[in-house]
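# An overview of the molecular structure
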Amino acid sequence: MAMNWVIRTCQDIVRECSHKTFWVPSGTATGTSPTTDHLIKSARTDVLNKLRHQIDGVERIITIAEHERAKRKR
């Protein structure tokens, strides 16, 4: 289930941030090219932070599951 969250987040990011299968940074005016700084900032905000949040959650779930499993084996 936790991995499904990551997959769904990836799908949501693609839907929200892509235009004709290409990522378009938020706030980019139609027909213009974003600056490098805008690309970096937008990549972090639009994509990487959302993925990190989900991946961190999955890591916590896996850690809890490992601890529970270790307790049962004792």
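The structure this text deals with has already been given above.
So, how was this worked out
Residues numbered from 1 in each chain as written. Predicted model: local features only at pLDDT ≥ 70, side-chain atom pairs only at ≥ 80, totals over all residues. Heavy atoms only, no water. Patch = residues over 30% accessible without salt bridge, like charges linked within 9 Å, V, L, I, M, F, W, Y side chains within 5 Å. Areas by Shrake-Rupley, 256 points an atom, 1.4 Å probe, with all protein chains shown as cover. Salt bridge = Lys/Arg side-chain N within 4 Å of Asp/Glu carboxyl O. Helix = DSSP H or I, 4+ residues; strand = E, 2+ residues; numbered from the N terminus. Axes fitted to C-alpha atoms, helices over the stretch in contact; angles between N-to-C directions. Parallel < 35°, antiparallel > 145°, perpendicular 65-115°, else oblique. Contact = heavy atoms within 4.5 Å. Nonpolar A, V, L, I, M, F, W, Y, C, P; charged D, E, K, R; others polar. Expected span 1.5 Å × (residues − 1). Buried < 20%, exposed > 50% of the residue type's maximum accessible area, 1.4 Å probe, protein only. Arc of directions from axis to C-beta.

## Description of a nonpolar patch on the surface
Together, Met1, Trp5 and Ile61 make up a nonpolar patch on the protein surface, roughly 340 Å² of accessible area in all. Relative to the assigned elements, methionine 1 resides in the segment before α1 (2-17).

## Digging into the packing of α1 against helix α2 (residues 36-73)
One way to put it is that α1 packs onto α2 with a least axis distance of 9 Å and a crossing angle of 175 degrees. The angle between α1 and α2 places the two elements in the roughly antiparallel class. Each of Ala2, Met3, Trp5, Val6, Thr9, Cys10, Ile13, Glu16 and Cys17 in α1 lies in contact with α2, whose residues at this interface are Asp46, Val47, Lys50, Leu51, Gln54, Ile55, Val58 and Ile61. Partitioning the contact of α1 with α2 into residue classes produces twelve nonpolar, two polar and three charged.

## Quick notes on the side chain of serine 42
Note that serine 42 resides in helix α2. Apart from the residues within four sequence positions on either side, serine 42 is in contact with Trp23, Pro25, Ser26 and Val47.

## A short note on the side chain of threonine 9
With respect to the helices and strands, the residue threonine 9 is situated in helix α1. Discounting residues that sit within four places of it in the chain, threonine 9 has contacts with Lys50, Leu51 and Gln54.

## What about the environment of valine 58?
Within the fold, valine 58 resides in helix α2. Remark: the alpha-carbon pair of valine 58 and asparagine 4, spanning 54 residues in sequence, is separated by 9.6 Å.

## Examining α1
One turn of an α-helix holds 3.6 residues; hence residues three or four places apart share an orientation. Helix length check: α1 (16 residues) gives 23 Å between terminal C-alpha atoms against 22 Å at 1.5 Å per residue, within 8%. Within α1, the full set of buried residues consists of Ala2, Val6, Thr9, Ile13 and Cys17. Down the axis of α1, the smallest arc covering the buried residues is 60 degrees, so these residues share one side. Across from the buried face of α1, at angles greater than 90 degrees, the exposed residues are Val14 and Arg15.

Purely spatial values, then, with no claim about function.
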